[in-house]
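Understanding the architecture of this molecule
Residue strings, one per chain:
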Amino acid sequence: MKKLFLLFFALISTTCLYSQNLTKTIKFLKGNIADKTTAVREASGAEAIFLANRAIDFCIENKEILGNDRELEGLAVAAVLSISPEYAKNCQENEKNLLEDELMQLFSQFKSSSTVQIAVLTKSVALKDYIPTTKLTANLNEYLTKANVNTEDGTLFRAIFNSLESIGNNETFLILYSMLNNQNYKKYHAQIESTLTALVPKAMNETLSLIQNSNTSQVSKIFAIIKKNTTISKNNLCEIAQNVLSQSIISLEGTTGATPEQIDLQLDTLAILSENRWTRASSTCISYFKIAKRLYNSGDMNEIQFKTVILSLADTSPIESVPLLTAYLEDLNSLTEKGNVVSSDVILAVINALGAIGDKAAFDSLLAVTYLNYSEQVLSAARGALSGLRWQ
C-alpha cells in the first residue's frame with residue numbers, strides 16, 4: 001500500500017491534479033470518519049483509486065478498536081463501491097490478489113454488518129472477470145456450512161446465494177444440494193435451487209455422482225433443476241440425460257413394472273436425447289426400448305408413450321435399432337395375420353421410424369405390411385417408407 005501511496009503522489013506531482021484536485025485527499029487525511037467517507041464518495045480518477053485503497057486499509061486496521069461503528073461501516077461501503085472495473089482490470093497480478101484478500105477481510109471482519117458484507121459480495125461479483133474470487137468462494141462455502149439458518153440475516157443469506165451463482169464452485173454445489181433436501185432451509189429453497197441450476201456446468205462430476213446414487217424421486221428433482229439452466233451446453237445436458245436414463249433403467253432391474261414417475265422421467269430424458277440426436281446414447285436407448293416394450297405389454301406404458309420411445313430410435317440409434325425395429329414389425333405383422341388387433345399408433349411409429357432411418361434391411365418387413373389387413377393409413381405409411389429406403 002505504501003507503494004501505491006508513493007506512486008499516486010509521483011503521478012500527481014507531474015500533473016495539474018496536484019494543484020486542482022488534492023482537496024479530497026487532504027479532506028480524507030485530516031478529517032474524521034464522516035469526512036473520509038465524503039472524500040471517498042466525491043473523489044474521481046486516480047484520486048478515487050488512492051482513497052478507496054486508503055479507506056479499505058483504514059477500515060481493516062481500525063475495526064477491532066472501533067467495534068460496531070456505523071460511521072466506519074459507511075466508510076467501508078463507500079470504499080468498496082468506489083472500486084471501478086477499470087481499476088481492477090488494469091491492476092498488476094499481485095494487486096488483484098491483494099484486492100481479493102482485502103475484500104475477504106472486510107467480509108469477515110464486518111460480520112455484524114450485513115450492509116458491508118452485501119456490498120463486498122456485490123462488488124466481488126461485479127469484478128469477477130478481473131480479480132480472483134477463489135478465496136472468497138471458499139470463505140462463503142465455509143460460512144454456509146457453519147451458519148445457523150434460524151438466526152441468520154435473511155437478506156445476507158439470499159445475497160450469498162445470489163453471489164455464488166456467479167462465483168460458486170463444485171463444493172458450493174454439494175453444500176447447496178444438501179440444503180435443498182433440508183426442511184430447515186425451506187424458505188430459501190427458491191434461491192438455493194436457482195444457484196444450483198447456475199452451478200451445474202461447474203459441477204458435472206458431482207451431478208453425475210448424485211444421479212448414480214439417488215432414488216427416482218431425488219433424480220427427478222436433480223434433473224428438473226438441470227433443465228432450468230438454459231445456458232448449459234448440449235454436450236453436458238445430453239450426458240446428464242443419458243446418465244439419468246441409464247440409472248433409471250438400472251432401477252427397474254428385477255422389477256415387474258414401473259411407476260408413472262419413473263416413466264415420465266425416462267421419457268423426459270429420451271426427449272432431450274432425441275431432440276439433440278445424441279447417438280452416443282445409442283446402446284442406452286436400445287436397452288430402454290426393450291424395457292419399454294415390456295412396460296407397454298404389461299399396461300404400465302400407454303400407446304402414446306411407447307410411440308415416443310419407438311420414434312426416438314430414429315434419432316438416437318439409427319443403425320443399431322434397425323434389427324430390433326424390423327423384428328418388432330414382423331411380430332406385429334404376425335399378430336395381425338392371426339387376427340389380433342394391433343395398435344395403429346404403435347405400428348405407424350415403427351414404420352415411420354424405419355422410414356426415417358431408410359435402411360434397406362427393413363424392406364421385407366415393410367413389404368409384408370402392404371399384404372396384410374391394415375388400415376389405409378398404415379398401408380400408405382408402409383409404401384412411403386419402402387419408397388424412401390436407401391439401396392446404395
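These lines cover the structure that appears in this document, whether it is placed above or below. Within each chain, residue numbers correspond to sequence positions counted from 1 in written order. Confidence filtering applies because this is a predicted model: local features only for residues at pLDDT of at least 70, side-chain atom pairs given and counted only at 80 or more, and all residues used for totals across whole chains, interfaces and linings. Side-chain metrics in this entry use all non-hydrogen atoms of the structure; hydrogen atoms and water are not considered.

Structural notes on the environment of Thr256
For the record, the criterion: Here a strand is any run of E in DSSP of at least two residues, a helix any run of H or I of at least four, and the numbering for each starts at the N terminus. Only protein chains enter the accessibility calculation, which uses a 1.4 Å probe; a residue is then buried when its area is under 20% of its type maximum, exposed when over 50%, and partly exposed in between. Contacts are assigned to residue pairs that have any heavy atoms within 4.5 Å of one another.
Looking at the element boundaries, Thr256 is found in the loop between α16 (234-251) and α17 (260-275). For Thr256, a relative accessible area of 74% puts it in the exposed group. Expressed as a C-alpha distance, the spacing of Thr256 and Arg294, which sit 38 residues apart in the sequence, is 8.9 Å. Look past the residues within four positions of Thr256 in its chain and what remains in contact with it is Arg294 and Asp300.

Focus on the packing of α16 against α17
This is how it is decided: Note on method: axes are straight lines fitted to C-alpha atoms, helices fitted across the in-contact stretch only, with angles between N-to-C directions ranging 0 to 180 degrees. Left-handed describes a crossing in which the near helix is turned anticlockwise from the far one by less than a right angle; the clockwise case is right-handed. Charged means Asp, Glu, Lys or Arg here, nonpolar means Ala, Val, Leu, Ile, Met, Phe, Trp, Tyr, Cys or Pro, and polar covers whatever is left, Gly included.
Where α16 contacts α17, the two axes come as close as 9 Å, and the packing angle between them is 150°. The element α16 and its partner α17 pack so that their crossing is left-handed. Mapping the contact onto sequence places Leu237, Cys238, Ala241, Gln242, Val244, Leu245, Ser248 and Ser251 in α16 and Gln262, Leu265, Gln266, Thr269, Leu270, Ile272 and Leu273 in α17. Per-class residue counts for the contact of α16 with α17 are nine nonpolar, six polar and no charged.

Considerations on the side chain of Lys96
Worth spelling out the cut-off: Here a polar contact is recorded for every N or O atom pair within 3.5 Å, except that within protein the pair must consist of a potential hydrogen donor and a potential acceptor, and residues adjacent in sequence are included only if both atoms are side-chain atoms.
Along the chain, Lys96 turns up in helix α8 (residues 93-109). Among the polar contacts listed, one links the side chain of Lys96 to the backbone oxygen of Ala88, at a separation of 2.6 Å. With residues near it in sequence (within four places) discarded, Lys96 still touches Ala88, Lys89, Asn90, Cys91, Tyr130, Ile131 and Pro132.

A short note on helix α21 (residues 344-357)
Here is the rule: Expected helix span is computed as 1.5 Å times (number of residues minus one).
Here α21 spans 20 Å end to end across 14 residues, near enough to the 20 Å set by a 1.5 Å rise per residue. Among all positions of α21, only Val346, Ile347, Leu348, Ala349, Val350, Ile351, Ala353, Leu354 and Ile357 are buried. If you check the start of α21, you find a side-chain oxygen 3.3 Å away from the backbone N of Asp345, and it comes from Ser343. Looking one or two residues past α21, Gly358 carries a phi angle of roughly 75°, positive in sign.

Thoughts on the pattern of salt bridges
Heads up, the condition is: A carboxyl oxygen of Asp or Glu within 4 Å of a side-chain nitrogen of Lys or Arg is what we treat as a salt bridge.
Under the defined criterion, the tally for this structure stands at seven salt bridges. When the shortest N-O distance is used, the salt bridge between Glu193 and Lys228 registers 2.1 Å. One end of the pair, Glu193, is in helix α13 (residues 189-199); the other, Lys228, is in the loop between α15 (216-227) and α16, with 35 residues separating them in the sequence. On the basis of relative accessible area, Glu193 is assigned to the partly exposed category, the value being 22%. The salt bridge involving Asp268 is made with Lys227; its shortest N-O contact spans 2.4 Å. Remark: Lys227 occurs in helix α15 and Asp268 occurs in helix α17; sequence separation between them is 41 residues.

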